Amino acid sequence: MKKIRILGIESSCDETSVSVIEKDGGKKIRILSNLIKSQLDVHQHFGGVVPELAARAHSEVIDTLINMAVKKAKVKLTEINAVAATSGPGLLGGLLVGVVAAKTLSSVLNIPFIAVNHLEGHALSVRLEHELNFPYLLLLVSGGHTEFTIINGFNKYNRIGTTLDDAVGEAFDKTARVLNLNFPGGPEIEKYAKQGNESKFKLPQPLSHEKNCHLSFSGLKSAVVQIIKKKKKVNLQLQKDMAASFQKTIADILTKKTTYAIKTFQSNHRKELVPIVVAGGVAANKYLRNVFLKMEKEHNCKFYFPSPKLCTDNGAMIALAGLERYERKMFSKLNFKPKPRWPLDKKAKFLKGKGILSA
Ligand code: KG4
Ligand code: ZN
């Protein structure tokens, strides 16, 4: 059978990434290249992603990265079957850069353009490394999104819980900023927490006693701010103890909510062993991974974590979602407009700001 090769482009936030993946006659999918150019140097100074600077930085490297990814994959551009690009959700300027590049390639090479939902990329990425059948439970924990979604099958997504305010990665980043730690905050908090006392500060766990899978982190972040304000200065010991207490609180909230998510999955599927995929940048956190793995002893579940490079934003996961669509001939038109807001589960209610009041 003919080989299928998909080029995937990711530019929705602060990483420009281009990948080429290949599927041979069987089921096997290989990542031929997956290049990621982080914009850390651009945003670090601001303690967060600056949308305009992000868009400019994507536009400066996209052409080079496409060329390099094709070269590293040892294929010719003419051997690519389709181009997939993250077309939402995300920052509009960045999305436009990737989408325009993909549409141009599609038009010049006369191959399909496939608009991919970034969240679908995260939802499916585990399948690049593990042979995991549907259905499974997804806990997506990134800088922009935090949700529990049952992945019933390709394009069959049922969101059963979401954050009502900040994403968990955002909470890590904001807390790190209050503690004068570098951006992105997640890896910094993890590092400082290793030497801190996780019982030093008792922090709130918003919504954690409600028997549902919704989450909230903004109150937790405010509590950290209040404690820090009362201290005269942020010394090293305070940084370590607060990082450890914060990380432990996040772990407690996520484990409680995952327990509900497991029950919801079991009531929907009557499946004994619940496969749980934890994806997104925060899933790179080793402390959290260990806490999740301990849950396997108490609950009938098995955790899967994509490797760190496939947890954070990357072109390979976009290429994979593109491949699934290519095989089903789900191509997009060249007038497709990027969507800054684009839920994975189309039926899911918007539960932020005013959305909470109307839910
Ligand atoms: O998935 P991702 O690369 O981008 C988005 O789609 O948002 O996730 C980035 C987020 C950032 O908030 C970052 O602080 C967090 O993932 N992160 C971590 C760790 N590594 C990255 N959070 C906690 N622990 C980590 N080791
Ligand atoms: Zn992401």
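Residues numbered from 1 in each chain as written. Chains lettered and ligands numbered in written order. Predicted model: local features only at pLDDT ≥ 70, side-chain atom pairs only at ≥ 80, totals over all residues. Heavy atoms only, no water.

**Q** Just give me the short version of helix H9 (residues 286–298), but keep the residues and values in it.
**A** What H9 keeps buried is the set Leu288, Arg289, Val291, Phe292 and Met295. Along the axis of H9, the buried residues cluster in a sector spanning 160°; they form a single face. Among the exposed residues of H9, those pointing more than 90 degrees away from its buried face are Lys286, Lys294 and Lys297. Summarising the contacts, the buried residues of H9 are in contact with strand S6 (136–141), helix H5 (168–178), helix H8 (236–269), strand S9 (274–279), strand S10 (301–304) and helix H10 (308–311). Two or three places before Tyr287, at the opening of H9, Asn285 has a side-chain oxygen 3.0 Å from that residue's backbone nitrogen. (Buried < 20%, exposed > 50% of the residue type's maximum accessible area, 1.4 Å probe, protein only. Helix = DSSP H or I, 4+ residues; strand = E, 2+ residues; numbered from the N terminus. Arc of directions from axis to C-beta. Contact = heavy atoms within 4.5 Å. Polar contact = N/O pair within 3.5 Å; in protein donor to acceptor, adjacent residues only side chain to side chain.)

**Q** Got a sec to walk through the pairing of S9? Specific residues and values, please.
**A** Where burial is concerned, most of S9 is hidden: six out of the six residues are buried. The side-chain alternation of S9 yields two buried faces, one formed by Val274, Ile276 and Val278 and the other by Pro275, Val277 and Ala279. Bridge count for S6 against S9 is four bridges, and the pairing is parallel. The residue of S9 that forms the bridge with Leu140 is Ala279. As paired elements, S9 and S10 share four bridges and run parallel to each other. (Pairing = 2+ DSSP bridges.)

**Q** How would you explain the pattern of salt bridges if you had to name every residue and give the values?
**A** For the structure shown, the criterion picks out 13 salt bridges. Asp166 is paired through a salt bridge with Lys174; the nearest N and O atoms lie 3.4 Å apart. The partner of Lys248 in a salt bridge is Asp252, and the shortest N-O contact between them spans 2.9 Å. With Lys248 and Asp252 both in helix H8 and four residues apart, this pair spans about one turn of that helix. Since its relative accessible area comes to 23%, Asp252 is described here as partly exposed. Among the ionic contacts, a cluster of salt bridges with common partners joins Asp166, Glu170, Lys174 and Lys221. (Salt bridge = Lys/Arg side-chain N within 4 Å of Asp/Glu carboxyl O.)

**Q** Describe the coordination of the zinc ion (ligand 2), and please don't skip the residues or the numbers.
**A** Protein coordination at the zinc ion (ligand 2): the donors are His118 (NE2), His122 (NE2) and Asp313 (OD), at 2.1 to 2.2 Å from the metal. Classification of the site at the zinc ion (ligand 2) as irregular follows from its four donor atoms and the range of 94 to 149° in their angles at the metal. (Donors = N, O, S within 2.8 Å, 3.2 Å for Na, K, Ca; no water. Tetrahedral: all angles 85-135°; square planar, octahedral: opposite > 155°, others 65-115°.)

**Q** Quick rundown of a nonpolar patch on the surface? Include the residues and the values.
**A** A surface patch of nonpolar side chains, amounting to about 240 Å² of accessible area, comprises Leu92, Leu96 and Val100. Note that Val100 resides in helix H3 (residues 92–109). (Patch = residues over 30% accessible without salt bridge, like charges linked within 9 Å, V, L, I, M, F, W, Y side chains within 5 Å. Areas by Shrake-Rupley, 256 points an atom, 1.4 Å probe, with all protein chains shown as cover.)

**Q** Account for the site of ligand 1, naming residues and giving values.
**A** As a structural note, the neighbourhood of ligand 1 is formed by 20 residues, with Gly143, Asp173, Glu190, Gly281 and Asn285 the closest of them. Side-chain polar atom of Asn285 to a nitrogen atom of ligand 1: 3.0 Å apart, as the coordinates give it. Its free accessible area being 550 Å², ligand 1 has 90% of it covered by the protein chains. Sort the elements by how many residues they give to the shell around ligand 1 and helix H6 (residues 185–193) lands first, with four residues. Per-class residue counts for the shell around ligand 1 are four nonpolar, 12 polar and four charged. Both domains that furnish three or more residues to the shell around ligand 1 are identified here as domain 1 (4–124 + 310–327) and domain 2 (133–305). (Near = heavy atom within 4 Å. Nonpolar A, V, L, I, M, F, W, Y, C, P; charged D, E, K, R; others polar. Domains from an automatic or database assignment.)

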